[in-house]
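# Report on the structure
Spelled out, the chains give:
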Amino acid sequence: MSGAGARLNVFPTRQNLQVMKVKLVGAKKGHSLLKKKADALTMRLRNLLRSILEAKDEMGKAFKEGNFALAEVKYAAGDIKPIVIENVGSAQKRVETRIDNIAGVKVPVFKAVDKADAVSFDHTGLSKGGQQIAKARTTFSKSVDVLVQLATLQTSFVILDEAIKVTSRRVNALDTVVIPRIANTVAYIKSELDELEREEFFRLKRSQDKKKADIAKKEQEIKDAEEERLEAAAAAPRSMIAATPDKASSSSRHVSIPRRLFWIVSASAAPPLRRPLHPHSPPYPTPTPTPTPTPTPTP
């Protein structure tokens, strides 16, 4: 499955974005390390292949010399198989095993070791051919050493070949599936977060515009109310001036006198010991003075 266009099913949040970034960095680092490991294993495999070819050539030569030596023994001493079987008590060569680490891959290493307490071959009962038998023994001993070395190389070759296949599959999986998928996920989360930021900015801008409009409306209402109050205050003196009579028409118009002033004027103008007039009662008629009779002169 190709990783182009595919992404992980995650919720677009900043926390997931950080997690995906960490995963992307780890995947790239793992891809680099696996690539280096594959290169190191491939180089070691080529060296093993060269060593295997050389070991096979040496093994062919060793067995060729051993077969010639065995033919000489048979020609000189005849059939020595029963005598060899009787004289063999225990193996004179042992194989030791150790583990070698090649770029994280463990491979076994074999080594042929001669046994210290090995009993030498007894030539008792042989009439001739002892020298050819010793030569054949030495030749086949070398062949065993070469065979053990070849077994080590071939075992390492098989293990490294399998490790290279696994590492190559992992490298290809990271390169074509995992890294592109994580990168697409990171790009998707970034685009979604940018879209959310644009939506939030637009919402805040609309909210600010609405608040500004409400504030302007309230200020306009306050301004209109202040203007109406000032107009009412300016119109009040004009109405009072229009309601005040002039001197020309004061004689023919009834003047409204405040009650307290009316009482003061009435008290000063009324004759003493007379009940003050009610403000709404008609005024008393002014008393006409009685004319004093003029005495008539006597003639």
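We now turn to the structure provided with this report. For every chain, the first residue of the written sequence is number 1, and numbering continues from 1 onward in sequence order. With the structure being a predicted model, the display of local features is reserved for residues of pLDDT at least 70 and the display and counting of side-chain atom pairs for 80 or more, all residues being used for whole-chain, interface and lining totals. Hydrogens are left out, water is left out, and the side-chain values use all remaining heavy atoms of the structure.

### A word on the packing of aromatic side chains
The condition that has to hold: Pairing of aromatic rings covers Phe, Tyr and Trp, the last through its six-membered ring, and needs centres within 6.5 Å; plane angles under 30 degrees mean stacked, over 60 mean edge-to-face, and all others mean tilted. Either the NZ atom of lysine or the CZ atom of arginine qualifies as a charge over a ring when it sits within 6 Å of the ring centre and within 35 degrees of the ring normal.
Counted by the stated rule, this structure contains zero aromatic pairs. Sitting above the plane of the Tyr188 ring, Arg7 keeps its charged end 3.7 Å from the centroid.

### Here we look at unusual backbone geometry
Glycine aside, negative phi is the norm for most residues, and most peptide bonds take the trans geometry. Quick note on the threshold: Secondary structure elements follow DSSP: runs of H or I no shorter than four residues count as helices, runs of E no shorter than two count as strands, and numbering proceeds from the N terminus.
Phi angles above zero are rare outside glycine, and Ala103 is one such case at about 55 degrees. When you line up the elements, Ala103 lands in the loop between strand S1 (93-102) and strand S2 (105-114).

### A closer look at the pairing of S1
The following threshold applies: A simple rule labels every residue: compare its accessible area, found with a 1.4 Å probe on the protein chains alone, to the largest value its type can have, and call it buried under 20%, exposed over 50%, or partly exposed in between. If DSSP finds at least two bridges between two strands, the strands pair.
Burial runs low along S1: only one of the ten residues are buried. By the bridge criterion, ten bridges tie S1 to S2 in an arrangement that is antiparallel. Residue pairing in the sheet places Ile99 in a bridge with Pro108 of S2. What sits between S1 and S2 in their antiparallel hairpin is a turn of two residues, with Ala103 showing a positive phi close to 55 degrees.

### Describing the nonpolar core
We apply this condition: We define a nonpolar core as any set of buried Ala, Val, Leu, Ile, Met, Phe, Trp, Tyr and Cys residues linked to one another through side-chain atoms lying within 4.5 Å. Note on contacts: a residue pair is in contact if any heavy atoms of the two residues lie within 4.5 Å.
Leu41, Ile102, Val105, Val107, Leu153 and Leu160 are the most contacted members of the largest nonpolar core, which totals 13 residues. Those elements giving two or more residues to this core turn out to be helix H1 (14-77), S2 and helix H3 (130-243). Excluding its chain neighbours within four sequence positions, the residues that come into contact with Ile102 are Leu41, Arg44, Val107 and Leu160.

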